[in-house]
Amino acid sequence: MGDPQYQTDLYFGRNRVGNEPVTEAEFQAFVDTVVTPRFLDGLTVYDANGQYRLESGELIHEQTKVIVLLHDGSAARSADIEAIREEYKSQFDQESVLRIDSLPCVSF
């Protein structure tokens, strides 16, 4: 049995239009400088393969990084998450970063 906490999963596509995909080093630098300062208590990162339909209608397949964040669900945490999404889109020329929020019970 655990305590309710909010969980947010963020999906970061690595393809870039007209450029090489986001590298492991670039993504790690993003985590170190943008994500970690906002979530000092910890996070989980894992690799995934995804597909996404661009606004143009084109279906692309790409390597993806997923970050899992546990937090209190406050407006401040949500603002931090939105800042992370916006920074990734800006820094790596992305249309979107998928956000999924859930309310699991967590026990450490």
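Reading the values: the criteria
- Residues numbered from 1 in each chain as written.
- Predicted model: local features only at pLDDT ≥ 70, side-chain atom pairs only at ≥ 80, totals over all residues.
- Heavy atoms only, no water.
- Helix = DSSP H or I, 4+ residues; strand = E, 2+ residues; numbered from the N terminus.
- Buried < 20%, exposed > 50% of the residue type's maximum accessible area, 1.4 Å probe, protein only.
- Contact = heavy atoms within 4.5 Å.
- Arc of directions from axis to C-beta.
- Salt bridge = Lys/Arg side-chain N within 4 Å of Asp/Glu carboxyl O.
- Phe/Tyr/Trp six-rings, centres within 6.5 Å; stacked < 30°, edge-to-face > 60°.

## Some points on the overall build of the protein chain
The secondary structure content of the protein chain amounts to two helices and six strands. Along the protein chain, helices (α) and strands (β) appear in the sequence β-β-α-β-β-α-β-β when read from the amino end. Within the protein chain, the proportion of its 108 residues that are buried is 31%. Across the protein chain, contacts joining residues at least 24 apart in sequence account for 69% of those joining residues at least 6 apart.

## Description of helix H1 (residues 24-35)
Listed as buried for H1 are Phe27, Phe30, Val31, Val34 and Val35. Looking straight down H1, one finds its buried side chains confined to an arc of 105°; they lie on one side. Turned more than 90 degrees away from the buried face of H1, the exposed residues are Ala25 and Thr33.

## Notes on the pattern of salt bridges
Counting across every chain of the model gives nine salt bridges. Of the charged contacts, one joins glutamate 82 and arginine 99 as a salt bridge, the two residues approaching to 2.7 Å between their closest N and O atoms. Taken together, the positions of glutamate 82 in helix H2 (residues 75-92) and arginine 99 in strand E5 (residues 98-102) put the pair 17 residues apart, joining distant regions of the chain. Several salt bridges share partner residues, and in doing so they unite Arg14, Glu24, Asp47 and Lys65 into one network.

## Digging into the packing of aromatic side chains
This model, assessed by the stated rule, comprises eight aromatic pairs. For the pair phenylalanine 12 and phenylalanine 30, a centre-to-centre distance of 5.8 Å together with 65° between the ring planes defines the contact as edge-to-face. Taken together, the positions of phenylalanine 12 in strand E2 (residues 6-13) and phenylalanine 30 in helix H1 put the pair 18 residues apart, joining distant regions of the chain. By the burial criterion, phenylalanine 12 is buried, and phenylalanine 30 matches it. Between the aromatic rings of phenylalanine 30 and phenylalanine 92, the centroid separation amounts to 6.0 Å while the plane-to-plane angle is 70°, which identifies the pairing as edge-to-face. You can see phenylalanine 30 sitting in helix H1 and its partner phenylalanine 92 sitting in helix H2, a full 62 residues away along the chain. Phenylalanine 92 matches phenylalanine 30 in its accessibility class, with the two residues each being buried. Taken together, the ring pairs in this structure connect Phe12, Phe27, Phe30, Tyr88 and Phe92 into an aromatic cluster.

## A look at the environment of proline 104
The topology assignment puts proline 104 in the loop between E5 and strand E6 (105-106). A relative accessible area of 23% places proline 104 in the partly exposed class. Through-space distance from the C-alpha of proline 104 to that of glutamate 82 is 21 Å; in sequence the pair is 22 residues apart.

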